Every structure is written in structure tokens, then in C-alpha cells.
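Summary of structural features
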Amino acid sequence: MISQNSQTILNVQNLHANTQNTEILKGINLTVKSGEIHAIMGLNGSGKSTLAKVLAGHPDYEITQGSIQFDQQDLLALDSEERAQAGVFLAFQYPIEIPGVANSQFLRLAYNTIQSKRGNDELDPLEFDDFVREKMKLLEMNPDFLDRSVNEGFSGGEKKRNEILQMALLEPKLGVLDETDSGLDIDALKIVAKGVNHLSNEHNAMILITHYQRLLDHIVPDYVHVMESGRIIKTGGKELALELEKHGYDWLHDNLQNNAGATA
Amino acid sequence: MNALANIDYLSSLLQTLSTQNPGDFPKDLLPENNFPWLKQLRTQAIDQAGQFKWPTTRDEEWRFTDISPLSTLTFKPAQPGNSPALADVSPFFIEEANNRLVFVDGFFTPELSNVNHKNQLVVGNLAELATSHSDVIEHHLGQHFKSQKNLFSALNTAFLKDCAVIIAPQNTVITQPVHILYIATQAETTHYPRCLVVGQTNSQATVIEDYIALQKPANSSYITNSVAEFSLAANAQIRHFRIQRENSSAFHLANCAVSLDYASRYQAVSVTLGASISRYNLDIGLRAEAAECIIDGLALISSDQLADTHTCIDHLQPNCVSHQQHKCIADEGAHAVFNGKIIVRPDAQRTDSSQSSRNLLLSNQAKIDAKPQLEIFADDVKCAHGATVGQLDNEEIFYLKSRGIPELTARNLLTYAFGAEILNRISIASLKHTLEQIVLNQTQHH
Ligand SMILES: Nc1ncnc2c1ncn2[C@@H]1O[C@H](COP(=O)(O)OP(=O)(O)OP(=O)(O)O)[C@@H](O)[C@H]1O
Ligand SMILES: [Mg+2]
């Protein structure tokens, strides 16, 4: 929700990022304030996941220009673990499997690390078990997933739910959800959307990367951005997503060209 | 000058056997005159041992494993009679095991053992069971090394004095494991642990083979030369958990042979932690249709340890299944070797076989030689295999860090997890827990 008294959580300015000597992000500008929900759409390969991973501090990407302010800190000066501790959370498009690490052990370690950084008490295994089961109820997840290795053998949709469970535990300031909706069946989509809405409040913000309006029917964005070739080429309200759904990305091009013609 | 210094290990051993000086040769618990088959077995083995050459790195089978430090040792056979204090041994007991056979320096030690006579398993040592179960024992003992006989298994048989014997009679299903605990106590000796496990038709049993050291002085050197034989009759199911936690000065040379009959199933997990130099040969023969083996292994070594695992799975008949996962974690200057041979004979159509060898190097000095070896002579087979050697996965580290977990913690956790994946296959909770603690301690860098 857009509000007058909101704080700027994220301020990305002219961000350029390379990987393997190829420029992928070519000047991103994006401001996200507390309480807001932003959607980022765009064709395959336009750089959405790259932006998400750059925000989370993935070591494969080199920042060549620009800046990212997060909650009044220079985000680029922080290592990925410090970013998470400061309140950045990325729900991955493709969550990886970590055989041998029990999900419960992993979730508790992450939770306690972040709690202690925030000056809060850590939970012992029994306390944590109660706590995590409550959160799992919200996402209608079977507690059996605690005993399995992290994401190992989880179905696509189960992995996505496990990501949102992590977000629910870590209560980030900024949640970046990279195609959390893809791979979810219709019921699971509603459950996950309910969970995200439940977690979203006036102190935090969400960036939803998605290809589909159906997610935005359930989590209504304040802003919709369209990415192309490493840039945000258009920003609008929630109706922009509906237009895109109706007319496709070519419509956007025609539109932009017409506008360009008009201003010339 | 000590004249013995010029005599190499092998000839000095064989000399020990031929001279039979009562002072330095163990008292025979099994008078050969009463057991002609045993006499024959030993005599043959002595002959064979004399024909083998000492293996060097020029032999294909020993290419990566230099055991020359051993050849200069003249470690005499260990003597019976040592009995460590119960308080020193009891920490190694496994609570789920309702049968425990303790062998000290290769000799059965009843006062530390616990044989449950109420259940239907036949559990004991050779001296005790050789008369009552001579038919089964004679039929199996020393009979499962047909193709893979080597110097060390021959020497073990030549020195055969005692042996753990476990027989699961027809149709008996026992879930509680039998714990065979081999304790090496005598410095500068060679001991010859041995076991024979026979699963008769439709039986089920679980065996833990466990090697530990209680040496005085604490880290003395000694040699373990062990042999294990498993025979599974039709539809038998045997689980075998093997833990090698010798001290860090020990030399451990071990051979295990497994023979599977129709639709039988062998599941094994072997965990290698100890010894300065260790070599484990595991030979599995899938000798009848629909037999199945699932074997997993973990070697976790550091310092200048060398751990070599050689496995050979021989598919002789159609419709058999073998699945194998082997992992090595080598830290500091350690050297791990894995050689996994899979033979699919011309008759073994519709074989389903998979092998995965994954190896983790934790330091620049550590070394891993991993070699899958497939010899496939049938055409209708499914064989999946893969080997990787490398460091921790950067995407996994990033995933953990992106949840706020510090890099070092993430690395330690992933290293632990790499090993724990194998430990998860151990169905005995307390053993699994003990090993998890050991692996956890050894994978935490600061
Ligand atoms: N590590 C990398 N190495 C090489 N190329 C990369 C790497 N990461 C991203 N790219 C390239 O950068 C471009 C943008 O990829 P990105 O994953 O950000 O796209 P996306 O917008 O998330 O697409 P999708 O909708 O398919 O998820 C692609 O062309 C991709 O191949
Ligand atoms: Mg993407």
C-alpha cells in the first residue's frame, strides 16, 4: 500500500551488472518504500532474476556502475550473509537441494542467526519446533518436510512453499519473490498468496517477479515494472499488468514508440 | 646389527608360520586334528600366500596406494590373553545390539561379549561353533574369495585362529543388530580379525563390524589384516554396517566377500575414519537372478592419512540390481582412493546398476583418485555412473548465506552434510548418532 509516511527501503540507481564480461543489467532505477508491493514483469532473459540475485549479493555478478541503498545502508558494501541479516530476503526462482542438511536444522540455524543479529533470543530445538509448525500451518505445509533434507526431492511447488516458509520465519524488510508462483497449482497459489499478504505490512516491502496476472489477482501490486534487456522500460500501476496480459509485450513496444514519436 | 631388519614383512610372517615357535605364536584354540577341513584351509592359504608378491604401486590394483611403509615392519602376530577394562570398552557398545561379540587382538573375549541365546540367531566364535555347526562353517569359511584372492586375505586365512560366526537360520527375521567389536590392544603386532555371516533362505539379519584401538601407549602402531565373508541364500536379507575407526598410526588391510543367491539383498554402509594407511576391498558376486545390493561408503580423512576403497560388483546373472554411492572427504594432506569396478557378464541381461562417486577436497594438499571401472558384456543393461571431485558447491554456499548463515558456518554445515548423507543410510539410531558426532567434529573448521 502506498502511504505518505512511508520510508524508503530500497533505492537502486543506475545499476549496471556484468557476469562473465557480459553486461546483463544496464542501468536499473528503482525505489521501493515501506508498505509497498512492486511487481516486475518482462520477457525471459530480460534480467529479472539477475536483479534479484544482485540484490541478494550473489558472487557471480560484478557491479560496474550505480548504487543500491537499503534501509539507509550501502547494500553493495555488504556480503550476502550481512544483507540477509539486515533484512533482504530472496525467494529463489530455482531453490536448490541440499542433501544431508535437515530442513529443520537449516531453518533453525537461519532463524537463530538472524534473531541474534537483531538482539533477540534464540530458540532451542523444542521451542523452534513449535514455532515453525505454527508458520507451516499458515502455508498448509506438512510438518514431515522438517525431517527431510533441504528441498531434496521436494516437488516444484513444495520448494516454492519452503521458500515462503523461510520468509515467514526470517521476517525480512524486503522480500524479493522470483517467480514464486510458477510451478504452483491453483490451490497452492492461493495459499502462498495468502501467506505473502499475511506477512506484508507497513514496515516491509515486497518485490514480486512474475509472468502472470493470476498471482497479481491475489497479491495486488502498487506498482508494476516491465524489464527489457537489463532495464526497466515502463512503470505503471496494477492495470499495466492487465494490459500486458491482454496485449502482450509487443503492444508495449508499439506504445513506447508512439510515445517517443509524440514527444519528438 | 639386527639380522631381522633385512627380512621383509612377508617372509618374516611366513617364517613365523613355519617355525611355530610356541613362545611367539598364539596357542591354537582349534586343534587341527579335530578339524581336518580347517587344516586344509590353512595349508592352502600358506601355499597361496607364499606365491603372491608384495604389492607395489606398479600393480594396477595398487597404483594409488603405496604400502611400502608396511613392508619394513616385522609385526608379529598378536597374542591372546589381553582383556581391556570393561570401562574402557563399554563406551563403544551399541544399545540396540542384543548380541555383541568382542574380539581383542583377533581373539574372542567372552567377558566383554554378550551373546543372547534366546533369539534364533546362531552367534558365537569359531572355537565354540566349529563342532556344533561344522557343516555350515566348513561349507562357507574361506569359500567366498574365489575370484579375488589376494595376499592379505590369504595371510588372514593362514593365521586363522578365531572368527566371529553369525548364522541366520532359515526363515528367521531378526531386526536387532549383532555387534562385532574388534579391539586392537597390542602395539607392534598384527592381528587377524575375521567374520563369517551366513543368511539362510528367507532370513534377515543385521551385522555391525566395528574396528577400534585401545593401545598403550595410546597411539602405537599395529596392523589389522581382516577378512569378512557374507553368504546370502535365496531371499535372505543382510544389512552390514562397517566402521573403521582404528588409531591414526594403524595399518588396516581388509577384505570382504559377499555372495548373493536368488532374490537376496545385501545392504551395506562402510565408514572409514581411522588408520594411517587403510585398504578395503569389497567383492560382491550377484550369483543368481534378482539379487540386489545397495552399498554406500564414506571415507573422512585428514592429516597424512591414506584411505583406499576398492569395490567390485560382479553381475553374473540376469535381473540383478546394484546401487552404490561412495563419498570421500579429504582434508589437509590426506589421500583418498576409490576404485569401483562393475562387471556385467554376458548372461546378466536386464542388469540395473548405478554408481556414484563424489569426492570433496578440503585443502590444496589433499588428493583424491576416483576411478569408476565398468566392464559390460551384456547388451540389455541399465548402467548409470558418475564421478566428481571438487570443492563445496558455490550455489549451496550462496543459498545458505542468503539466509543469513555466515560463510564459515555454511561451509562447515555443507561439509558435514556431504558426509551425513551416507550416515543417513544407517538404520541403527545410536550408531548413526555416534558417527554423526564424529563427522561433525571432524568437519568443523575455525
Ligand atoms: N551466471 C550467468 N552466466 C551467463 N549468463 C548469465 C548468467 N546469469 C544470467 N545470465 C544471462 O543473463 C540474462 C538474464 O537472465 P535472467 O535469469 O536474469 O533472466 P530472467 O529475466 O530472470 O528470465 P526468466 O523470465 O526466464 O526467468 C540471460 O540471457 C541469461 O542467460
Ligand atoms: Mg528469472
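Residues numbered from 1 in each chain as written. Chains lettered and ligands numbered in written order. Predicted model: local features only at pLDDT ≥ 70, side-chain atom pairs only at ≥ 80, totals over all residues. Heavy atoms only, no water.

A closer look at the overall build of chain B
Summing up its helical and strand segments, chain B has ten helices and 21 strands in all. Compactness check: chain B gives a C-alpha radius of gyration of 21 Å against a globular reference of 22 Å for 446 residues, within 12% of the reference. Each principal axis of the C-alpha atoms in chain B carries an extent, and together these give about 70 × 55 × 45 Å. In chain B, buried positions account for 59% of the 446 residues. (Helix = DSSP H or I, 4+ residues; strand = E, 2+ residues; numbered from the N terminus. Rg over C-alpha atoms; globule rule 2.2 N^0.38 Å. Buried < 20%, exposed > 50% of the residue type's maximum accessible area, 1.4 Å probe, protein only.)

A word on the confidence of the model for chain B
Residue and element names in this part refer to chain B. Considering every residue of chain B, the mean pLDDT works out to 91; 93% of them sit at 70 or more. Scored below 50 in pLDDT, residues 1-7 makes four contacts in the model with residues more than four places away or belonging to other chains. Overall, residues 21-25 carries pLDDT values under 50, and its contacts beyond four positions in sequence, including any with other chains, amount to twelve contacts. In the model output, the complex is listed with pTM 0.86 alongside ipTM 0.95. (pLDDT = per-residue confidence, 0-100. Contact = heavy atoms within 4.5 Å.)

Describing the site of ligand 1
Residues and elements named next belong to chain A. Lining the immediate surroundings of ligand 1 are 15 residues, of which Gly45, Lys48, Ser49, Thr50 and His211 lie closest. A distance of 2.8 Å separates an oxygen atom of ligand 1 from a polar side-chain atom of lysine 48. Serine 49 is positioned with one of its side-chain polar atoms (N or O) 2.8 Å from an oxygen atom of ligand 1. If ligand 1 stood free it would expose 640 Å²; the protein chains cover 66% of that surface. It is helix 1 (residues 48-56) that contributes the most residues to the shell around ligand 1, three residues altogether. Residues of the shell around ligand 1, tallied by class, amount to three nonpolar, ten polar and two charged. (Near = heavy atom within 4 Å. Polar contact = N/O pair within 3.5 Å; in protein donor to acceptor, adjacent residues only side chain to side chain. Areas by Shrake-Rupley, 256 points an atom, 1.4 Å probe, with all protein chains shown as cover. Nonpolar A, V, L, I, M, F, W, Y, C, P; charged D, E, K, R; others polar.)

Considering the pattern of salt bridges
Applying the stated criterion across every chain, the model contains 23 salt bridges over all chains. Here B:Asp308 ties to B:Arg279 by a salt bridge, and the two come within 2.9 Å at their closest N and O atoms. Remark: B:Arg279 occurs in strand 14 (residues 277-286) and B:Asp308 occurs in strand 16 (residues 306-315); sequence separation between them is 29 residues. The buried category is assigned to B:Asp308, whose relative accessible area is 1%. Note on B:Arg279: relative accessible area 2%, which makes it buried. Where B:Glu421 meets B:Lys327, a salt bridge forms, and the shortest distance between an N and an O atom there is 2.4 Å. One end of the pair, B:Glu421, is in helix 9 (residues 407-423); the other, B:Lys327, is in strand 17 (residues 321-330), and 94 residues separate them in sequence. Among the charged side chains, a salt-bridge network with shared partners connects A:Asp79, A:Glu81, B:Lys401, B:Glu407 and B:Arg411. (Salt bridge = Lys/Arg side-chain N within 4 Å of Asp/Glu carboxyl O.)

Quick look at the pairing of strand 10 (residues 223-232) of chain B
Regular strands show a simple pattern: their side chains alternate between the two faces of the sheet. Residues and elements named next belong to chain B. Of all the ten residues making up strand 10, ten are buried; the element is thus mostly covered by neighbouring parts of the structure. Neither face of strand 10 is open: one carries Ile223, Asn225, Val227, Glu229 and Ser231, the other Thr224, Ser226, Ala228, Phe230 and Leu232, and all of them are buried. As defined by bridge partners, strand 7 (residues 189-191) adjoins strand 10 across two bridges and the pair is classed as parallel. Each bridged residue has a counterpart across the sheet, and for histidine 191 the counterpart in strand 10 is threonine 224. The sheet contact formed by strand 8 (residues 194-199) and strand 10 spans six bridges and is parallel. Along strand 10, the bridge assignment pairs valine 198 with serine 231. Pairing of strand 10 with strand 12 (residues 251-260), which is carried by ten bridges, proceeds in the parallel orientation. Bridge assignment links alanine 228 to a residue of strand 12, and that residue is cysteine 256. (Pairing = 2+ DSSP bridges.)

Some remarks on unusual backbone geometry
Along the chain, B:Lys216 connects to B:Pro217 via a cis peptide bond; the corresponding omega equals -10°. Non-glycine residue A:Glu140 carries a positive phi angle of around 50°. Position of A:Glu140 relative to the elements: it lies in the loop between helix 4 (125-138) and strand 8 (149-150). The partly exposed category is assigned to A:Glu140, whose relative accessible area is 48%. Backbone geometry places A:Glu179, a non-glycine residue, at a positive phi of 50°.

Regarding the interface of chain A and chain B
Taken together, the contact pairs 35 residues of chain A with 19 residues of chain B. Linking B:Arg403 and A:Glu163 is a salt bridge whose minimum nitrogen-to-oxygen distance equals 2.7 Å. At the surface where chain A touches chain B, the tally comes to ten residue pairs in polar contact (both at pLDDT 80 or more). Of all the elements in the fold, those that place two or more residues in the side of chain A that touches chain B are helix 1, helix 2 (80-86), strand 6 (88-91), strand 7 (98-102), helix 3 (103-117) and helix 5 (156-170) of chain A. With six residues, the top contributor of residues to the side of chain A that touches chain B is helix 3 of chain A. Grouping the amino acids of the side of chain A that touches chain B by side-chain chemistry returns 19 nonpolar, nine polar and seven charged.

Some details on the sheet that holds strand 17 of chain B
Residues and elements named next belong to chain B. On the basis of which strands lie adjacent, the open sheet formed by ten strands has the order 3-2-6-9-11-13-15-17-19-21 and mixed pairing. Two strands in the sheet have a free side with no partner beyond their single neighbour: strand 3 (107-108) and strand 21 (381-390). As judged from the ten bridges shared by strand 17 and strand 19 (residues 351-361), these two strands associate in the parallel manner. By the bridge assignment for strand 19, serine 322 is matched with serine 353. On top of the sheet, helix 9 reaches strand 13 (265-272), strand 15 (292-301), strand 17 and strand 19; it is set at about 150° to strand 17, its chief contact. (Axes fitted to C-alpha atoms, helices over the stretch in contact; angles between N-to-C directions.)

Examining the coordination of the magnesium ion (ligand 2)
All names here are of chain A. With distances of 2.0 to 2.1 Å, the protein atoms coordinating the magnesium ion (ligand 2) are Ser49 (OG) and Gln93 (OE1). Here glutamine 93 lies in the loop between strand 6 and strand 7 and serine 49 lies in helix 1, a separation of 44 residues in the sequence. The same class applies to serine 49 as to glutamine 93, namely buried. (Donors = N, O, S within 2.8 Å, 3.2 Å for Na, K, Ca; no water.)

Digging into the sheet that holds strand 5 (residues 73-74) of chain A
Residue and element names in this part refer to chain A. Taken together, four strands build an open sheet; the order of strands is 2-1-4-5 and the sheet is antiparallel. Only two strands of the sheet have a single partner each, and these edge strands are strand 2 (22-33) and strand 5. Direction of pairing for strand 1 (residues 8-19) relative to strand 2: antiparallel, over a ladder of nine bridges. Bridged to leucine 10 within strand 2 is valine 32.

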